[in-house]
Protein chains: 2
Amino acid sequence: MAHQDQTISRATDKRLPAYLRLRDDLAARVARGDWAPDVALPSENQLTAETGLSVGTVRKAMQMLVDEGLLERRQGSGTFLRKRAFDATLFRFFAMGTDSKTIPQSRLVARAVTSAPPRVAAVLGTGDCIRIERLRSQSDTVLLAEEIWLPRVRFDGIETMPEANIGPLLYPLYLDRFNVFIASAVDDVSFAPAPAAIAARLGIPADAPAAVIERTAFTADGTAVEWRVAHGPSDRFRYRSRLG
Amino acid sequence: MAHQDQTISRATDKRLPAYLRLRDDLAARVARGDWAPDVALPSENQLTAETGLSVGTVRKAMQMLVDEGLLERRQGSGTFLRKRAFDATLFRFFAMGTDSKTIPQSRLVARAVTSAPPRVAAVLGTGDCIRIERLRSQSDTVLLAEEIWLPRVRFDGIETMPEANIGPLLYPLYLDRFNVFIASAVDDVSFAPAPAAIAARLGIPADAPAAVIERTAFTADGTAVEWRVAHGPSDRFRYRSRLG
DNA sequence: CACAAAAAGTTCTATATAGAACTAGTTGAC
DNA sequence: GTCAACTAGTTCTATATAGAACTTTTTGTG
C-alpha cells in the first residue's frame, strides 16, 4: 500500500532528485484519477511516512504541482485537486462576448491522420500528426473556427473516439485519456483577412477582418505537444491576458 | 550599507512574511537597475549576512524571482539578471513586427492634468488624474498610439518632467521617481475601426481596422495604479502572451 | 439541544545544518 | 609554458526541528 514508487515506474527515473521523482509520481496519480475532487490528498505527514522523505522535500514536490496549477493547498484543511484549473487558465482563452459564464458549444467537423505542414512539424518535432477541426459557438453564433494539430505518438486514437466522449474542453481529455498534462502555453494574437474556407465556416464575407490566435501548448518539461490556430470574426473578438 | 529595508520602504509592508518582503526588495532593486546584466547578484551567504535571515528564507525569495522570470541562477557561479526579462514580461506587450530586439522609439505628444472619464475613474478609484499621450514607433513607422491615465495622488509632477528624463519604458520610471512598483497587469485585446483622431496619428485612413489593447496595471497589493489604451494598425499588430 | 471551548490535524514560516554538485580561479609540478 | 590538481566560492539537495496560523472535529458546559 505504502510505496507507490515501484508500481508506477516513471520513465524519468535516471536518479533524479527525490523531490522531482515524488512530483512525477503525484502528478501521475492525479492524472490517473487516484483522488476525486474535494477529497484531500495525503497530508505532508502521511507522505513523509509513506516515502521516507523529510517534510521539506515533500513540500517542495507539492509546491511544484501547485505552481503548475494542478493542486491547491488550503492551510488548515488540506491539499486538493484544483477544480477550476482549466476554466481559469487554459480556458480564459475565450472571454469573448460579454458573458464568460456560459461555456461555448463545441462541434468537431473533421478529424484525420495527416502529415503536418513543415511549420507545425517543426514545433511538434514530428510530421506524423492528427488534425482536428472544430467550431465553437455561443448561443448559435459561430465564434471561432479552430484547427488543432497533435503528434500521433502521444494522441493515437483520438481521431476515432466517439464524439460523445469528447467534451467541450480538450485539455481534461488529454489528461484523462492520454496522460498528457498541459502545463503552459504561448498565444499569439494577430489580425488578418479571413481565408475563404474559414470565412465560410464563420459565416462572414471572404476577406473580412478576422482575429487569428496561434497557440503552442507545452507539458511541464517544456515539450510542445499541441499546436492550434483559431480564427474568429474580429468584431466579436476579445482576448484577455493576465500578466505577472 | 547592509540593510536596504529602510531605504526602500515598500508600500507592501503590512507584516508580510519575510521571504515576501525580501522578494519585493530584490525585485525593486532589479527594476531600479542596481545590478548590471552579467554581474552576479549578492550570494546566498551575503544576503543572509545582510538581512539576518536564514539561507532557506533567502533561497525561497530568490526562487520566486526565478519562477517569475526575473532572475537566473547558475549552480557554482551565481545569480544573474535574466537578460530577456524585460522583453519577456513588461515589454512583451509589443512583439510587433518581426524583430523584438530593437526597443521602439517613444514620443510624448501630450501631458496634462485632467479629470478622467467615468470608466477610468472607476478603475483607478479617483477622477483626479494625469493624462499622457504617447506615440511609439519603430524605424520611423508609427506602430502604436497610447493614452495613459495615472492617479495624481501617486504621480503628481510627471506631467511637467522634462521629456529627456523619461525613457522609452515607463515602469522603471514609476519605480524610480514615484516609488510605484508594477507587479501585474491585465491586458484586453480587441479590434475596432480607428477613431479619426487616432487614425490620423497612426497615419492610416479613418475607420481603418485597428487593434485595441486596454491595460490595467496593479501594484503588489492589487491596487490599480495605471490604465492605458493603445491603438495600432491591425496589419502590423502582434500580441504575444505566455500562459500558465 | 445550543453553543463555547478545547483538541487534533493541517499547511505555513523560519531556522540551522551538512554535504553534494558544480564553477572559476590559483597553485604547483614538470 | 602547460596542464593537472587543488581551493575557494557558489548553488543545490536533503534532513530535522519548532512554533505560528488556520480549519475541522470533538468535547464539555449550560
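Overview of the structure. The model shown is predicted, which means the values in this text are computed figures rather than measured ones.

What counts and what doesn't
- Residues numbered from 1 in each chain as written.
- Chains lettered and ligands numbered in written order.
- Predicted model: local features only at pLDDT ≥ 70, side-chain atom pairs only at ≥ 80, totals over all residues.
- Heavy atoms only, no water.
- Helix = DSSP H or I, 4+ residues; strand = E, 2+ residues; numbered from the N terminus.
- Expected span 1.5 Å × (residues − 1).
- Buried < 20%, exposed > 50% of the residue type's maximum accessible area, 1.4 Å probe, protein only.
- Arc of directions from axis to C-beta.
- Near = heavy atom within 4 Å.
- Polar contact = N/O pair within 3.5 Å; in protein donor to acceptor, adjacent residues only side chain to side chain.
- Nonpolar A, V, L, I, M, F, W, Y, C, P; charged D, E, K, R; others polar.
- Least-squares fit on C-alpha atoms with pLDDT ≥ 70 in both.
- Contact = heavy atoms within 4.5 Å.

### Brief notes about the environment of A:Val186
Here comes step 1: Along the chain, A:Val186 falls in strand S6 (residues 184-193).
Here comes step 2: On a C-alpha basis, the gap between A:Val186 and A:Ile213 in space is 10.0 Å, while along the polypeptide they are 27 residues apart.

### Here we look at helix H4 (residues 55-67) of chain A
Residues and elements named next belong to chain A.
Here comes step 1: With 13 residues, H4 extends 18 Å between its outermost C-alpha atoms, agreeing within 8% with the 18 Å of an ideal straight helix rising 1.5 Å per residue.
Here comes step 2: Along H4, the residues classified as buried are Val58, Ala61, Met62 and Leu65. Across the axial projection of H4, the buried residues extend over an arc of 90°, all falling on one side.
Here comes step 3: Among the residues trailing H4, Gly69 stands out with phi positive, at a value near 85°.

### Describing the protein's contact with DNA strand C
Here comes step 1: Around DNA strand C sit 21 residues in total, of which A:Gly76, B:Ala18, B:Tyr19, B:Ser54 and B:Thr57 are the nearest.
Here comes step 2: At a separation of 2.9 Å, a base nitrogen of DNA strand C approaches a polar backbone atom of A:Gly76.
Here comes step 3: Mapped by element, the contributors of at least two residues to the surface near DNA strand C are strand S1 (71-74) and strand S2 (78-81) of chain A together with helix H2 (18-31) and helix H4 (55-67) of chain B.
Here comes step 4: Looking at the surface near DNA strand C, the element that brings in the most residues is H4(B), giving three residues.
Here comes step 5: Residue classes in the surface near DNA strand C are distributed as five nonpolar, eleven polar and five charged.

### Considering the relation of the copies chain A and chain B
Here comes step 1: You can overlay chain A on chain B at an RMSD of 2.0 Å; the transform is a turn of 180° with a shift of 1.4 Å along its axis. Such values leave the two copies arranged in the relation of a two-fold axis.
Here comes step 2: Most of the interface of chain A is mirrored in chain B, where 96% of its interface residues again form contacts.

### Comments concerning the protein's contact with DNA strand D
Here comes step 1: Around DNA strand D there are 20 residues in total, and A:Ala18, A:Ser54, A:Thr57, B:Glu44 and B:Gly76 lie nearest to it.
Here comes step 2: Close to the protein, within 4 Å, the atoms of DNA strand D belong to sugar or phosphate groups at a rate of 73%.
Here comes step 3: One of the side-chain nitrogen or oxygen atoms of A:Tyr19 is found 3.0 Å away from a phosphate oxygen of DNA strand D.
Here comes step 4: Take A:Gly76: an N or O atom from its main chain is 3.4 Å from a sugar or linking oxygen of DNA strand D.
Here comes step 5: Of all the secondary structure elements, the ones that give two or more residues to the surface near DNA strand D are helix H2 (18-31) and H4 of chain A together with strand S1 (71-74) and strand S2 (78-81) of chain B.
Here comes step 6: With three residues, H4(A) is the largest single contributor of residues to the surface near DNA strand D.
Here comes step 7: For the surface near DNA strand D, the residue count by class is five nonpolar, ten polar and five charged.

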